[in-house]
Amino acid sequence: MDSGDSPAGTDNAARIRRKTVACRRCHARKVKCSGRTPCDGCITALCENDCVYLMRDRRVKVAESYLQQVLAENEQLKRRLAMTSNPSTQETSSVVQAQQEPSASEDNLSNPLMQERAWFVVSDAETPPIYIGEVACTAFATRFRQSLALYPGSTHHIPRIHYVQDEDLLSVPNEATWPTRSHARLLLRVALANINRGYYVVLPKPTMAKLEEMYQDPNLRDPLVTCKFFALFALGEVYSSRVKAPSGGNFPGLSYFIRACSLIPMLPERTNLEHIEILILLSFFSHNLNRRNSAYLWIGSALRLALTIGLHHNLPGSIALDPVAREHRVRIWWTIYICDRMWGSKLGHPLMIPDTNITVDLPSNSMLTEEAKAEFSDPAYIIASIKLARIAGEIVTSIYCRGHPPPFIQSVQRILRSLNAWMAALPESVRLSKSGSSARHVVSLHLSFNQCVILATRPVLLHVFTISRIMPTHGALADNIAPVISTLAEACLRTARHSNELLTEVWIDGTLSTFGYFDAQYLFSSAVILAISSVTDVDGRDSDLVEAAAQLLQSMANCGNLSAIEFCGHLDQVRADIKHHCSATTATLTMPELDSLGGARSIFDNTTNRLTAEMALLEPPMLDFLTQTELYFDFPNPMDMFQNTMHL
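Every value quoted in this text rests on a predicted model; they were computed, and no experiment measured them. (Residues numbered from 1 in each chain as written. Predicted model: local features only at pLDDT ≥ 70, side-chain atom pairs only at ≥ 80, totals over all residues. Heavy atoms only, no water.)

Let's shift gears to the overall build of the protein chain. On a plain count of helices and strands, the protein chain comes out with 26 helices and two strands. The buried share among the 648 residues of the protein chain stands at 49%. Within the protein chain, residue pairs in contact and separated by at least 24 positions form 76% of the contacts whose partners lie at least 6 positions apart. (Helix = DSSP H or I, 4+ residues; strand = E, 2+ residues; numbered from the N terminus. Buried < 20%, exposed > 50% of the residue type's maximum accessible area, 1.4 Å probe, protein only. Contact = heavy atoms within 4.5 Å.)

Attention shifts here to helix α11 (residues 223-240). A rise of 1.5 Å per residue sets the reference length of α11, with its 18 residues, at 26 Å; its end C-alpha atoms lie 25 Å apart and thus fit the reference within 8%. With 15 of 18 residues buried, α11 lies mostly within the body of the structure. At the N-terminal boundary of α11, the capping side chain belongs to Asp-222, with an oxygen 3.1 Å from the backbone nitrogen of Leu-224. (Expected span 1.5 Å × (residues − 1). Polar contact = N/O pair within 3.5 Å; in protein donor to acceptor, adjacent residues only side chain to side chain.)

A separate point is the state of the cysteines. Under the counting rule described, the total for this entry stands at zero disulfides. Cys-39 takes part in no disulfide bond, and the closest cysteine sulfur to it belongs to Cys-42, at a distance of 3.5 Å. (Disulfide = S-S within 2.5 Å.)

Once that is clear, we can look at unusual backbone geometry. Trans peptide bonds make up most of the peptide bonds, and negative phi angles are found at most residues other than glycine. Between Thr-37 and the following residue, Pro-38, the backbone shows a cis peptide bond with an omega angle of -5°. Tracing the backbone through its elements, the reader meets Pro-38 in the loop between α2 (24-29) and α3 (40-44). With a phi angle near 60°, Asn-290 is a residue other than glycine that sits in the positive phi range. Following the sequence through the fold, Asn-290 ends up in the loop between α13 (273-288) and α14 (292-308).

With respect to the element layout, Arg-36 can be found in the loop between α2 and α3. Assessed through its relative accessible area of 38%, Arg-36 is described here as partly exposed. Once the C-alpha coordinates of Arg-36 and Tyr-53 are considered, the two residues, 17 residues apart in sequence, prove to be 9.9 Å apart.

Moving on: the pattern of salt bridges. Proximity of charged atoms lets side chains of opposite charge pair with each other. Summed over the entire model, instances satisfying the criterion amount to 20 salt bridges. In this structure, Lys-373 engages Glu-370 in a salt bridge whose closest nitrogen and oxygen atoms are separated by 3.4 Å. Of this pair, Lys-373 and Glu-370 both sit in helix α16 (residues 370-373), three residues apart, which is roughly one turn of that helix. Judged by its relative accessible area of 62%, Glu-370 is exposed. The residue Arg-431 makes a salt bridge to Glu-614 at a minimum N-O spacing of 3.5 Å. Residue Arg-431 is found in the loop between α18 (408-424) and α19 (440-470), and its partner Glu-614 is found in helix α25 (residues 613-617); the two are separated by 183 residues along the sequence. Within the structure, one salt-bridge network assembled from shared partners comprises Asp-340, Arg-341, Asp-355 and Arg-390. (Salt bridge = Lys/Arg side-chain N within 4 Å of Asp/Glu carboxyl O.)

Compared with the 18 Å implied by 1.5 Å per residue over 13 residues, the 19 Å span of helix α10 (residues 204-216) between its first and last C-alpha is a close match. For α10, every residue scored as buried is listed here: Thr-207, Leu-211, Glu-212, Met-214 and Tyr-215. In an axial view of α10, the angular spread of the buried residues amounts to 165°, which keeps them on one side of the axis. In this structure, the buried residues of α10 make contact with α9 (181-198) and α11. (Arc of directions from axis to C-beta.)

Moving on: the packing of aromatic side chains. The geometry of an aromatic ring pair is captured by two quantities: the separation of the ring centres and the angle between the planes. In this structure the tally under the stated criterion is 22 aromatic pairs. Ring centres of Tyr-199 and Trp-343 lie 6.4 Å apart, and the angle between their planes is 85°; on these two criteria the pair is classed as edge-to-face. Taken as a pair, Tyr-199 in the loop between α9 and α10 and Trp-343 in helix α15 (residues 323-347) lie far apart in primary sequence, 144 residues in all. Judged by relative accessible area, which is 2%, Trp-343 ranks as buried. Ring geometry for Tyr-517 and Phe-518: centres 5.2 Å apart, planes at 75°, overall edge-to-face. We classify Tyr-517 as buried; its relative accessible area is 3%. Put simply, the rings of Tyr-199, Phe-284, Trp-343, Tyr-517, Phe-518, Phe-524 and Phe-567 touch in pairs and so form one group of aromatic residues. Cation over ring: Arg-160 sits above Tyr-163, and NZ or CZ is 4.9 Å from the ring centre. (Phe/Tyr/Trp six-rings, centres within 6.5 Å; stacked < 30°, edge-to-face > 60°. Lys NZ or Arg CZ within 6 Å of the ring centre and 35° of its normal.)

Here we take up the packing of helix α20 (residues 483-509) against helix α26 (residues 620-627). For the pair α20 and α26, the least separation of the axes is 9 Å and the interaxial angle reads 120°. Viewed along their axes, α20 and α26 adopt a mutual orientation that is oblique. Between α20 and α26 lies a crossing of left-handed hand. Along the contact surface, α20 presents Val-484, Thr-487, Leu-488 and Ala-491, while α26 presents Pro-621, Met-622 and Phe-625. Partitioned by chemical class, the residues of the contact of α20 with α26 number six nonpolar, one polar and no charged. (Axes fitted to C-alpha atoms, helices over the stretch in contact; angles between N-to-C directions. Parallel < 35°, antiparallel > 145°, perpendicular 65-115°, else oblique. Left-handed = near helix turned anticlockwise from the far one by under 90°. Nonpolar A, V, L, I, M, F, W, Y, C, P; charged D, E, K, R; others polar.)

Bringing the side chain of Gln-521 into the picture now. Its location among the elements puts Gln-521 in helix α21 (residues 517-534). Residue contacts for Gln-521: discarding those within four places in its chain leaves Cys-137, Lys-346, Gln-451 and Phe-567.

Take a look at the structure:
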């Protein structure tokens, strides 16, 4: 019998030459690929349509003379085509279009939360539509609720209404007077203690001395100095208040704030540092009123004025200025920088100044005497805040940008590398205590770090949840999700649990800010992340953390915290939608389909072992992701994951 007619000969003839690369799915799972189309692994997983082989762009070495010849021939061909068609601008327009249009692979790698058109909410016909930045935590909560919705268009964004309205500010009588000397000293000490721990705005000793002078001689109370002290009084009163805010618009410190605002009706043509200090203080207080746009505008005005007097550059040595005044200028600038980046990362607004335009030195105590050092806090803390604010700005510009965004997963990798390096270089003085409680401002710094990790990874987490919801019967979810995606999703969850733990400890220690915005925002942000995990949480551990966070937020809301009231409304709606989703899912799925959901639940690690955000970034799978130089897989861009938000 001929060898070609034998079974062995048949196998040899049917043998398929193996491909040089694995298919994308096998490569992402790091398993052996058969090389067929579709391959054996994709056939077993019932995803033959997903068996695609990546065409790698290989690098080859060629002679420089050959490359120049190819480029010259290309230019000649372009000129001939231009002469044939005879449009004078055709060549230029085609090149510009090629530069502006992203490739298909880049489209597939964009942030799944970012739609092509910006997000606006129409409140009424008389006011402009409200712009919603995708980086905002309330926007992410709405996206999560949309992923739970059974019917497109049934979930709408909850507009922000719990803030001190413009009409309320105008209706408050401008009757605030100077408090008694003892009360003024107390308010000033409280304001300075809270402001200068995490930021830097005013020199403590000269400010206290100026207060005494103004009580000794009331004629020294010029409008600018009065404005500065009333802004400080407003912050001192809201920071020291521990009781429920009374009704009728009498928010703690509001009368002092109204008086301070009335004393700066217009910005000066030639400003001074005192005017800039006032704008920073008013920005701080606006957050307590949950007027986030106003806070952004105040700090924006401070930044613009700072640019007009060159705070972003070093003064030349030829200008006679004592070391304390020089360091004061430096720290004022960097406080504005931190606020610009951090305030913008809460709203999704672009940066006001690029880093390339800043040449001023970082804060330092090296040129100060021992007596002068008492005027300034540890430079290590503010330097760490500066570097973290820079990363926060990069998150907004690279991960949450619209138009021509860079590849999403590569941007996440770059951000997490920066955050990992930031934590590795953190001085011991600003690290969390391993035994006992840490200083309150140190906890705030690490909560801000955790929020950066959450902002970078939560689009991946929501993508994993959405995949688990839309294909619950395709076997184990891990078979349909790349290991890198699972690693990023778990890092987001672990970071949220760490933030929840830190805020719980702060509440136990009695240092939770009663009327503060940032504690409420960090609490809400971590609660929404944990709520996503709670949907598939078998043992209910993350569900318990969500309930505890809701109770903490409610206690802050009961005290009159306006931002907590807003976040409570969003979190209550999230919990209600989860309950409705779970009820509907249980009622519609069959028993085999319910059993198959066990694989989806395994994608989230629900262990209760204490794991900080730093530890989450040092896990072996995460380190493997951070050290990869090339990522051979596409991250889907499910534009249909959410409803069209143009008119939501």
